Amino acid sequence: TCVAEAFDRAAAGGAVDVACKAAIRRAAVHAADVAADVATTSFRLAGGTAVRNDAPFGRLLRDTQVVNQLLMVAPPIWELTGQVLLGLPVDRPDL
């Protein structure tokens with residue numbers, strides 16, 4: 001897998017190729033999106049109890065929404081990693 005390959009290369013002091021970095025980033029964005037969807041559904045299904053101060057649903061909902069705003073997994077990463085999949089030039093060294 002790309003994660004194992006990236007770990008082995010980095011541990012050996014080598015560089016991780018762009019395609020592998022992009023695959024890892026796509027997986028991270030997908031995981032963050034799914035987590036936000038799960039939290040939203042849980043909040044909605046919890047009904048009125050979700051808005052109580054002692055219920056964790058509101059905090060979990062906010063936390064997953066905040067994570068999706070971070071650059072590492074923000075929606076623009078889909079475009080960046082799509083460019084890699086399409087073989088287009090990528091002008092972001094932080095991929």
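Described in the following lines is the structure provided in the data block.

## Thoughts on the overall build of the protein chain
Then, number 1: The number of helices and strands found in the protein chain is four helices and zero strands.
Then, number 2: The helix and strand sequence of the protein chain, counted from the amino end, reads α-α-α-α.
Then, number 3: Over its C-alpha trace the protein chain gives a radius of gyration of 17 Å, far above what one expects of a compact globule, namely 12 Å for 95 residues.
Then, number 4: Along the three orthogonal principal directions, the C-alpha set of the protein chain runs to about 50 × 30 × 20 Å.
Then, number 5: Residues counted as buried form 25% of the 95 residues belonging to the protein chain.
Then, number 6: Counting contacts in the protein chain only where the partners sit at least 6 residues apart, residues at least 24 apart contribute 47% of the total.

## A few points about the pattern of salt bridges
Then, number 1: If you walk through the whole model with that rule in mind, you get four salt bridges.
Then, number 2: A salt bridge links Glu5 to Arg9, with the nearest nitrogen and oxygen atoms 3.6 Å apart. With Glu5 and Arg9 both in helix H1 (residues 2-11) and four residues apart, this pair spans about one turn of that helix.
Then, number 3: Classification of Glu5 as partly exposed rests on a relative accessible area of 30%.
Then, number 4: When its relative accessible area of 35% is taken as the criterion, Arg9 is described as partly exposed.
Then, number 5: For the salt bridge of Arg59 with Asp63, the shortest nitrogen-to-oxygen distance reads 3.7 Å. One end of the pair, Arg59, and the other, Asp63, are both in helix H3 (residues 57-67), four residues apart, so they sit about a helical turn from each other.
Then, number 6: Overlapping salt bridges, with partners in common, bring together Glu5, Arg9 and Asp17 in one network.

## Section: the state of the cysteines
Then, number 1: All chains considered together, the criterion is met by zero disulfides.
Then, number 2: With no disulfide of its own, Cys2 lies 3.1 Å from the sulfur of Cys20, the closest cysteine sulfur.
Then, number 3: Judged by its relative accessible area of 1%, Cys20 is buried.

## Examining the environment of Leu60
Then, number 1: Within the secondary structure, Leu60 sits in helix H3.
Then, number 2: Residue class for Leu60 comes out partly exposed when judged on its relative accessible area of 39%.
Then, number 3: It is 18 Å that separates the C-alpha atoms of Leu60 and His30, two residues lying 30 residues apart in sequence.

Analysis parameters
- Within any chain, residue numbers begin from 1 and follow the written order of that chain's sequence.
- The predicted origin of the model limits local features to residues at a pLDDT of at least 70 and limits the giving and counting of side-chain atom pairs to 80 or more, whereas totals for whole chains, interfaces and linings rest on all residues.
- Neither water nor hydrogens contribute to the side-chain values; these are computed over all heavy atoms in the structure.
- Comment: elements are numbered from the N terminus, with helices defined as DSSP H or I runs of at least four residues and strands as E runs of at least two.
- In this treatment the radius of gyration is a C-alpha quantity, and the globule benchmark scales as 2.2 Å times the residue count to the 0.38 power.
- Burial classes: relative accessible area under 20% of the type maximum marks a residue as buried, over 50% as exposed, and values in between as partly exposed (1.4 Å probe, protein chains only).
- Contacts between residues were defined by any pair of non-hydrogen atoms, one from each residue, lying within 4.5 Å.
- By definition here, a salt bridge exists when the distance from a side-chain nitrogen of Lys or Arg to a carboxyl oxygen of Asp or Glu is within 4 Å.
- Throughout, a disulfide means two cysteine sulfur atoms within 2.5 Å of one another.

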